[in-house]
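Here is what each chain is made of, one letter per residue.
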Amino acid sequence: MLKREMPATIYFDCPDCDDETEHEILKGRMGKASIEGTFRCTVCNRISSETIKIPELIEVPVVFSDGEVSETTRTTIESNDIIQEEDEFFLDDGRRVCVTHIDTLDGKLRKKTIATNVRKLWVKQFDILSIKVSVNDDDHTYSLRVEAEPDDEFVVGTQLSFEDFDCLIHAIKTKHSLVKKGAAEARDITRIYGKYRKKRYEVLDFDDDDDLGEFDEDDYIIDDDE
């Protein structure tokens with residue numbers, strides 16, 4: 001069993017709040033599977049002395065992929081965690097990942113299982129996503145990609161800006177539906193559909209009396225020796 005440090009707070013049921021709330025640990029002693037101590041509910045300020053059961057920490061192998069690069073590492077999870085594909089979490093070293101496959105101890109193919117049944121986790125880097133974008137100009141459809149963080153939102157009716165043109169978003173396909181009105185987070189998007197738009201450039205109108213600054217010939221001398 002992995003040794004864990006005493007946390008500053010812990011969540012458990014508060015009878016006065018009739019809900020699971022955060023409790024400050026005023027004093028306590030850590031056991032193998034419990035904390036014995038005095039706790040204060042941060043919601044109603046109820047103080048109680050009791051023994052609170054805590055889940056065991058277990059260490060599991062992890063196959064981490066970032067594009068074409070893969071490596072094997074390990075991370076800790078709580079024994080009562082329910083692990084499923086597409087779960088997002090942070091490895092012990094701080095990298096944000098998404099679960100792509102679960103190897104289980106019982107040898108069965110599962111998309112969801114309790115942590116104690118995990119033999120190995122397969123995960124992918126989840127800091128920056130590459131989202132597919134289909135842009136239509138009435139004659140052709142072009143396939144492009146745009147990078148985004150998982151929390152970034154894309155809104156139907158707004159524009160994406162590319163180097164040579166803009167793209168007006170008219171629909172967003174997510175893992176669950178086709179969004180024709182509203183927004184979707186990058187983590188849920190499988191493809192964005194948009195219409196080609198010419199870039200608009202602002203034209204600056206200078207009056208004759210405008211001060212454009214003095215021309216300094218020295219700023220434009222090119223040294224042939226360089």
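Right, let's walk through the structure included here. Remember, predicted model here, so these are calculated numbers, not experimental data. (Residues numbered from 1 in each chain as written. Predicted model: local features only at pLDDT ≥ 70, side-chain atom pairs only at ≥ 80, totals over all residues. Heavy atoms only, no water.)

## What to know about the environment of Ala184
Alright, step 1. Topologically, Ala184 is positioned in strand β18 (residues 183-185).
Alright, step 2. For Ala184, a relative accessible area of 7% gives the class buried.
Alright, step 3. Residues Ala184 and Val156, 28 residues apart in the sequence, show an inter-C-alpha distance of 8.7 Å.
Alright, step 4. What Ala184 contacts, discounting residues up to four positions off in sequence, is Asp152, Glu153, Phe154, Ile172, Thr174 and Ile189. (Helix = DSSP H or I, 4+ residues; strand = E, 2+ residues; numbered from the N terminus. Buried < 20%, exposed > 50% of the residue type's maximum accessible area, 1.4 Å probe, protein only. Contact = heavy atoms within 4.5 Å.)

## Quick notes on the pattern of salt bridges
Two side chains with opposite charge may pair up if their charged atoms get near one another.
Alright, step 1. This structure, assessed with the given rule, holds 14 salt bridges.
Alright, step 2. We note a salt bridge from Arg110 to Asp106, for which the minimum N-O separation is 2.9 Å.
Alright, step 3. Each of Glu88, Arg96, Asp151, Glu185 and Arg187 takes part in a single network of salt bridges with overlapping partners. (Salt bridge = Lys/Arg side-chain N within 4 Å of Asp/Glu carboxyl O.)

## Section: the sheet that holds strand β1 (residues 9-14)
Alright, step 1. Pairing is antiparallel across the open sheet formed by 4 strands, whose spatial order is β1-β2-β3-β4. The sheet is open, and its two borders are formed by β1 and β4 (47-53), each paired with just one other strand. Ignoring which end each strand starts from, the neighbouring axes of this sheet average 50 degrees apart.
Alright, step 2. In the sheet, β1 pairs with strand β2 (residues 19-30) via 6 bridges, with the strands oriented antiparallel. By the bridge assignment for β2, Ile10 is matched with His23. (Pairing = 2+ DSSP bridges. Axes fitted to C-alpha atoms, helices over the stretch in contact; angles between N-to-C directions.)

So yeah, pure geometry; function would need other evidence.
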